[in-house]
Amino acid sequence: MVKRRKIIVGAWKAFLNQATAKKLADELKKWKANDSKKQDDYDIVLSPSFPYLVPVQDAIKETNIALCAQDVDAVKMGPYTGHIPPPILVDVGCKYVLLGHSELRHLKEYSPRRIHEKVTAALGADLHVILCIGETKDEKVADKTKSVLKEQLETALVNLDEKIIRGKFDVAYEPVWAISSQNPDKPPKAEDVNNIHGFIREILNKKLDKKTADTVRILYGGSVNEDNVCDYLNQPNVDGVLVGSASTKHPQFVNLLNAVEERVLIPAQ
Ligand code: PGA
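Residues numbered from 1 in each chain as written. Predicted model: local features only at pLDDT ≥ 70, side-chain atom pairs only at ≥ 80, totals over all residues. Heavy atoms only, no water.

**Q** Is there a simple way to explain the site of the ligand in this structure?
**A** As a structural note, the neighbourhood of the ligand is formed by Lys-13, His-101, Glu-174, Ile-179, Ser-180, Gly-222, Ser-223, Leu-242, Val-243, Gly-244 and Ser-245. Within the backbone of Ser-245, one N or O atom sits 2.9 Å away from an oxygen atom of the ligand. About the coverage of the ligand: the protein hides 99% of its 280 Å² of free accessible area. Its residues assigned to classes, the shell around the ligand shows 3 nonpolar, 6 polar and 2 charged. (Near = heavy atom within 4 Å. Polar contact = N/O pair within 3.5 Å; in protein donor to acceptor, adjacent residues only side chain to side chain. Areas by Shrake-Rupley, 256 points an atom, 1.4 Å probe, with all protein chains shown as cover. Nonpolar A, V, L, I, M, F, W, Y, C, P; charged D, E, K, R; others polar.)

Below, the structure is given as structure tokens:
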């Protein structure tokens, strides 16, 4: 079985202001220095709002916590008022970018095609892309989950050179109905997530050469918290989690990280 390095993303959405974002980053830095037992054995990634990328990067710069933007525009540097091209993200220290989050697909009406352009631009600037895909409640009820995921993923990958993707591209499965702000009755069972991840892996194996497909991690996102994180991460097809609301509070996020370090098998790297 292929071993992939686990990844935990704190997706802060638009929950925090400068003071609270910086405070949380400082707490994580302190936890890393004093309490983390696994140190460099898995990836921790923080995704603050654009204006706080720099202060958060300042707070985490002596740690191996990585910085991630929440979106990017598929434009070069130049006369594009209000846009954020990939080189600007790289310049402020971003290693990762989230693309295709449902809150952007739906609120800003980003089409799969538009997301493909963003993925291409981000990879071209050497950013590590985390592509979010997921079905809505209506699509789930209409039994369209697999066709929706297939379309979102395949469109994102069109015409991309495998060498550019290799080691620089992860997928986050985020059923829209399971995101905490949607007040889900219940998030999906870990076994169901595992099965869907198996389906996503099949698409990756069909679309990419094995060497490249094996580098792609598949994360789960949707109401992950300190109580359920280990159930998800202990599934064989789950390589990571994307945590929204529960990553924006202290000490909840640290509790979640401690739970992972204690109860998830994380091989020493
Ligand atoms: P949540 O958000 O953890 O608050 O459900 C997840 C997401 O939107 O990616």
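**Q** Explanation requested: the nonpolar core in the structure shown.
**A** One recurring pattern in soluble globular proteins is that nonpolar side chains are buried together. The biggest cluster of nonpolar side chains holds 74 residues, and the ones touching the most others in it are Ile-8, Val-119, Leu-153, Phe-169 and Ile-200. When residues in this core are grouped by element, the largest group, 7 residues, is from helix 9 (residues 190-207). Apart from residues lying up to four places away in sequence, Leu-153 is in contact with Leu-131, Ile-133, Phe-169, Val-171, Ile-200, Ile-203 and Leu-204. The next biggest cluster of nonpolar side chains, apart from the first, holds 13 residues, and it includes Ala-11, Cys-68, Ile-130 and Cys-132. (Core = buried A, V, L, I, M, F, W, Y, C linked by side-chain atoms within 4.5 Å. Buried < 20%, exposed > 50% of the residue type's maximum accessible area, 1.4 Å probe, protein only. Helix = DSSP H or I, 4+ residues; strand = E, 2+ residues; numbered from the N terminus. Contact = heavy atoms within 4.5 Å.)

**Q** I tried to follow unusual backbone geometry on my own but got confused; where do I start?
**A** Cis rather than trans, the peptide bond between His-250 and Pro-251 has omega equal to 10°. Relative to the helices and strands, Pro-251 is located in the loop between strand 8 (240-243) and helix 12 (252-263). Even without being glycine, Asp-126 reaches a positive phi, approximately 70°.

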